[in-house]
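Chain by chain, the residues run as shown.
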Amino acid sequence: MAKGGASYRISSTPVTVFTHLLVISIATLVLVWLIHFREGFAFKSHIKAKIFNLHPLLMTLGFVLFSGEAIIVYKAIPANRKTQKLIHLILHFIALAAGIVGVYAVFKFHHERHIPHMYTLHSWIGLSTICLFGLQWLLGFFSFWYPRAESATRAKMAPWHAFFGVVIFFMTIVTVETGLTQKFLFQGLYRSQEALIVNFTGLLILLFAISVGLSVILPRRN
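Cut-off values and rules
- The numbers attached to residues start from 1 for each chain and follow its sequence in the written order.
- In view of the model being predicted, local features appear only for residues whose pLDDT reaches at least 70, and side-chain atom pairs are presented and counted only at 80 or more, with totals across whole chains, interfaces and linings using the full set of residues.
- In computing side-chain properties, one takes all heavy atoms of the structure into account and sets aside hydrogens as well as water.
- Each helix corresponds to a stretch of at least 4 residues labelled H or I by DSSP, and each strand to a stretch of at least 2 residues labelled E; elements are numbered beginning at the N terminus.
- All radius of gyration figures rest on C-alpha atoms, and the globule criterion is 2.2 Å times the number of residues raised to 0.38.
- Partly exposed residues are those whose accessible area sits between 20% and 50% of the maximum for their type, while under 20% is buried and over 50% is exposed, using a 1.4 Å probe and protein chains only.
- In this analysis, two residues are considered to be in contact whenever any of their non-hydrogen atoms come within 4.5 Å of each other.
- For every accessible area listed, the method is Shrake-Rupley and the probe measures 1.4 Å; residues are considered covered only by the protein chains on display.
- Positive charges come from Lys and Arg alone, negative charges from Asp and Glu alone, with His and the N- and C-terminal ends not counted.
- Charge placement uses NZ in Lys and CZ in Arg. For Asp and Glu, CG and CD serve respectively.
- To define a nonpolar core, start from buried Ala, Val, Leu, Ile, Met, Phe, Trp, Tyr and Cys residues and group those joined through side-chain atoms within 4.5 Å.
- Pairs were defined over the aromatic rings of Phe, Tyr and Trp, the Trp ring being its six-membered one, requiring ring centres within 6.5 Å. Orientation was assigned from the angle between planes: stacked under 30 degrees, edge-to-face over 60, tilted for the rest.

A.B. asks: Please clarify how the overall build of the protein chain should be interpreted in this entry.
C.D. replies: Per the secondary structure count, the protein chain includes eight helices and zero strands. When the helices and strands of the protein chain are read in sequence order from the N terminus, they spell out α-α-α-α-α-α-α-α. For 222 residues, the compact-globule formula gives about 17 Å, and the C-alpha radius of gyration of the protein chain, at 19 Å, lands near that figure. A total of 222 residues make up the protein chain; the buried ones form 44% of that total. The contacts in the protein chain between residues at least 6 apart in sequence include a share of 75% that link residues at least 24 apart. In the form shown here, the protein chain has an accessible surface area of approximately 12,800 Å², with 72% of it arising from carbon and sulfur atoms. Charge centroids of the protein chain, computed over 19 positive and 6 negative side chains, lie 11 Å from each other.

Rendered as structure tokens:
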């Protein structure tokens, strides 16, 4: 009976594939939103909204999606452990770089528009998240990659590294959801095409977070 029951065990593979499809969907919606409804994006422009638009672009496509992909790399890529670790490290580095530039963009926008900095819950959680993310990446790099701690120390740190990774990813999702809500209210979108785009983006990001979590806890069948 147990043997027969085991055959119904869910594999992480379809969930991982679904997660990749969500990445494509979220990226598409964000690009449509910012290009079609919000005039695009640029580091320098007399249209200051273009500078701000780099913030949701980089924080969503770079920070959120790349960090999620980095978490599921051990289930998504059938390679040896060292290769998986390297890809995990690189994807998280890309996420961190995108996050830093995204934060810089919104500070630049606020400075040029003479808007106060760091006055919303979204900004508080967001800056805390990017700082913790950077610290987590540095500790992971020096502990698990180069020069690497002793094996006993790494074994003790691994569960905490995984735990704080999940916590920081959760904070990332909270940050982007509060950011979308804040933008929705500030722009007074209410019932409009743009409102649908923003809301569906938020829903898909939530679904993405759930899919990442499922992909991590489910076993992968070889």
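A.B. asks: Would you mind going over the nonpolar core with me for this structure?
C.D. replies: Within soluble globular proteins, side chains that are nonpolar tend to cluster in buried spots. With 30 residues, the main nonpolar core has Ile26, Leu65 and Phe208 as its most contacted residues. With residues near it in sequence (within four places) discarded, Leu65 still touches Val23, Ile26, Ala27, Thr60 and Phe208. If you look at the next biggest cluster of nonpolar residues, it comprises 11 residues, including Met59, Ala95, Phe133 and Phe141.

A.B. asks: What is the right way to look at unusual backbone geometry in this model?
C.D. replies: Looking along the chain, the bond that leaves Tyr146 and enters Pro147 is cis, with omega of 0 degrees. As for its placement among the helices and strands, Pro147 is situated in the loop between helix H6 (121-145) and helix H7 (151-187). Positive phi values are uncommon outside glycine, yet Glu39 reaches one of about 70 degrees. In this structure, Glu39 sits in the loop between helix H2 (12-37) and helix H3 (48-71). Residue classification places Glu39 among the partly exposed residues on the basis of a relative accessible area of 48%. For Tyr190, which is not glycine, the phi torsion reads 50 degrees and is therefore positive. Mapped onto the elements of the fold, Tyr190 is located in the loop between H7 and helix H8 (193-217).

A.B. asks: It is not clear to me how the packing of aromatic side chains should be interpreted in this structure. Could you clarify?
C.D. replies: The geometry of an aromatic ring pair comes down to the distance between the two centres and the angle between the two planes. Inspection of every chain in the model, using the stated rule, returns nine aromatic pairs. Ring geometry for Trp137 against Phe141: centres 5.4 Å apart, planes inclined by 10 degrees, an arrangement best described as stacked. On the criterion of helical spacing, the pair formed by Trp137 and Phe141 is a turn pair, its members being four residues apart in helix H6. Taken individually, Trp137 and Phe141 each receive the classification buried, so the pair is uniform in this respect. Following the ring pairs from residue to residue traces out a cluster consisting of Phe93, Trp137, Phe141 and Phe142.

Remember, this is a structural readout, not a statement about activity or role.
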